[in-house]
Amino acid sequence: MLVKKVMVKLENVTKDFGEKKIIKGIDLEIYEGEFLTLLGPSGCGKTTILRTISGLEEVTTGKIYIDNEEVTNLPPQKRDVNTIFQNFALFNTMTVQKNIEFGLKMKKLSNEEIKKRTNNIIEMIQMQDFINAKPNQLSGGQQQRVALARGLVNKPKVLLLDEPLSSLDLKLRKKMGIELKEIQNKTEITFIYVTHDQDEALSMSDRIAIINNGVIEQIATPKEIYNNPKTLFVADFIGESNKFKASVMMIKNNEAIVAIDDLDLILTIPDNSYKIGESLVAILRPEQLKIATTEKNTFTVKCKESIYNGNYTKVIGKLNKTDVSFIIYDNEEITKNSEIKLKYNPKDFIIVRSK
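In this report, the structure presented in the accompanying data block is examined. All values derive from a computational prediction rather than experimental measurement.

So, the overall build of the chain
Here comes step 1: Across its full length, the chain carries eight helices and 20 strands.
Here comes step 2: A burial count over the chain gives 47% of its 355 residues as buried.
Here comes step 3: A sequence separation of at least 24 residues applies to 65% of the contacts in the chain between residues at least 6 apart.
Here comes step 4: With an accessible surface of roughly 18900 Å², the chain has 47% of that area assigned to carbon and sulfur atoms.
Here comes step 5: A distance of 2 Å separates the average location of the 51 positive side-chain charges in the chain from that of its 47 negative side-chain charges.

This is the structure:
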């Protein structure tokens with residue numbers, strides 16, 4: 001089995017601002033050549049984690065390693081990382097070429113090496129026709145490419161990206177996200193990407209670390225995060241969730257017997273870590289519910305509203321006191337207050353603790 005090289009390592013890292021604890025004892029390993037995303041709501045601590053790796057913030061306690069070298073107390077310029085910020089921070093008085101060359105000149109590389117690296121990276125980002133343009137003559141997407149090129153041309157061991165697409169419109173953001181992943185694949189540089197946008201995280205990342213209130217709730221591949229969230233917060237934050245109250249009836253043969261109240265359904269969960277009577281939440285994704293053509297594994301909702309989204313319609317119904325969302329992909333009209341029978345597969349349920 002191939003052992004992955006750890007490029008960035010955080011050991012029990014904490015960060016306090018006065019009495020407020022922003023990062024609460026994080027342990028994290030990021031592999032060489034990996035695209036890892038720190039995902040979470042505003043204020044959860046993800047940007048602070050990024051800034052401690054870059055050296056722009058000192059840790060309160062803990063240690064940080066880059067390529068097996070401890071850098072905890074080193075200043076930013078002594079760490080082999082580059083950071084791309086939300087506002088790109090380009091020099092408006094310099095051309096595209098001079099913006100990209102700037103860091104290489106600061107390193108006092110030879111003119112030949114500067115020219116070689118600059119030409120290579122300009123070709124990679126497909127900006128050959130704009131080398132003499134200044135940032136204010138470029139579109140948002142072009143400015144983002146130049147900022148990326150300036151960060152990559154120094155060949156850092158790690159590139160840190162703090163919501164670099166947030167100022168772009170939705171269509172351009174999706175396009176640039178694809179380009180960003182393609183460039184990362186070509187360069188094989190370790191990317192650590194901060195965002196609160198779940199679609200960006202799911203589409204670009206090799207792994208995602210879900211941050212909540214200064215701790216890592218779960219770290220896994222996008223597919224694992226979506227299909228097997230380990231906590232209610234993760235399930236709620238990634239994608240949409242239909243949540244049903246559930247409880248543990250008994251533990252038998254190292255399995256939990258779980259009752260889902262609204263559905264009069266009993267499930268057997270291969271997990272004996274629960275306690276009898278413990279409150280749980282049973283989750284179904286909207287796309288896992290279908291309009292029923294049979295009677296088995298069904299329940300009926302009363303339609304509250306439908307939201308047309310082009311290639312599909314999202315419908316919100318009511319089951320007792322529980323809102324239930326589902327997706328339809330045809331042109332069938334759903335009228336308000338109509339009753340709709342939905343089918344589910346018991347194997348699709350995700351069971352998490354209520355807290």
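So that's the structure; there's more coming.
Observations regarding helix α2 (residues 96-106)
Here comes step 1: Looking at α2, one finds that the buried residues are Val-96, Asn-99, Ile-100, Glu-101, Gly-103 and Leu-104.
Here comes step 2: Packed against the buried residues of α2 are α3 (111-124) and α4 (140-152).
Here comes step 3: Remark: Lys-108 follows α2 within two positions and exhibits a positive phi of approximately 60°.

So, the environment of Glu-278
Here comes step 1: Within the fold, Glu-278 resides in the loop between β13 (265-269) and β14 (279-284).
Here comes step 2: When the C-alpha atoms of Glu-278 and Thr-293 are compared, they prove to be 34 Å apart, with 15 residues separating the residues in sequence.
Here comes step 3: Contacts of Glu-278, omitting those with residues within four sequence positions, involve Ala-246, Ser-247, Val-248 and Arg-353.
Here comes step 4: Polar side-chain contacts of Glu-278 include one of 2.9 Å to the backbone nitrogen of Lys-275.

Considerations on the environment of Lys-223
Here comes step 1: You can see Lys-223 is positioned in helix α7 (residues 222-227).
Here comes step 2: By relative accessible area, Lys-223 is classed as exposed at 63%.

Details of helix α1 (residues 46-54)
Here comes step 1: The buried fraction of α1 amounts to seven of the nine residues, a majority that puts the element mostly inside the structure.
Here comes step 2: Buried within α1 we find Lys-46, Thr-48, Ile-49, Leu-50, Thr-52, Ile-53 and Ser-54.

Some points on the sheet that holds β14
Here comes step 1: The antiparallel open sheet is built from five strands, whose spatial order is β13-β12-β11-β14-β20. Because the sheet does not close on itself, it has two edges, and the strands there are β13 and β20 (350-353). Going from strand to strand, the sheet's axes swing by 35° on average, the running direction of each strand aside.
Here comes step 2: With six bridges connecting them, strand β11 (residues 242-252) and strand β12 (residues 255-260) associate as antiparallel partners. When the bridges of β12 are listed, Ser-247 appears paired with Ala-259.

Some points on the pairing of strand β8 (residues 190-195)
Looking down a regular strand, the side chains alternate between one sheet face and the other.
Here comes step 1: Most of β8 is tucked away, with six of its six residues classed as buried.
Here comes step 2: Alternating residues of β8 divide into Thr-190, Ile-192 and Val-194 and Phe-191, Tyr-193 and Thr-195, and every residue in both groups is buried.
Here comes step 3: The pairing of strand β3 (residues 35-39) with β8 spans five bridges and is parallel. Among the inter-strand pairings, Leu-39 is bridged to a residue of β8, identified as Thr-195.
Here comes step 4: By the bridge criterion, five bridges tie strand β7 (residues 158-162) to β8 in an arrangement that is parallel. Counted as the bridge partner of Val-158 is Thr-190 from β8.
Here comes step 5: The parallel pair β7 and β8 is bridged by helix α5 (residues 170-187), and the resulting crossover is right-handed.

How each quantity is defined
- Chains are numbered independently. Their residues run from 1 in the order of the written sequence.
- Restriction of local features to residues with pLDDT of at least 70 applies here, the model being predicted, together with a cutoff of 80 or more for giving and counting side-chain atom pairs; totals for whole chains, interfaces and linings are based on all residues.
- Values reported for side chains reflect all heavy atoms of the structure, with hydrogen atoms and water molecules removed beforehand.
- In this description a helix means any DSSP run of H or I spanning at least four residues, a strand means any run of E spanning at least two, and both kinds are numbered starting from the N terminus.
- A simple rule labels every residue: compare its accessible area, found with a 1.4 Å probe on the protein chains alone, to the largest value its type can have, and call it buried under 20%, exposed over 50%, or partly exposed in between.
- We call two residues in contact whenever any of their non-hydrogen atoms come within 4.5 Å of each other.
- The method behind every accessible area is Shrake-Rupley, applied with a 1.4 Å probe, and residues are considered shielded solely by the protein chains displayed.
- The charge count includes Lys and Arg as positive and Asp and Glu as negative, but it does not include His or the ends of the chains.
- Throughout, a charge is located at the NZ atom of Lys, the CZ atom of Arg, the CG atom of Asp or the CD atom of Glu.
- Any pair of N or O atoms that falls within 3.5 Å is considered a polar contact. Within protein, one atom must be able to donate a hydrogen and the other to accept it, and sequence-neighbouring residues count only if both atoms are side-chain atoms.
- Between any two strands, at least two bridges found by DSSP are needed for them to pair.
- Here, axes are lines fitted to C-alpha atoms. For helices the fit covers the stretch in contact, and angles between N-to-C directions go from 0 to 180 degrees.
- Classification remark: right-handed applies to a crossover when, strands pointing away from the viewer, the course from the first strand over the helix to the second runs clockwise.

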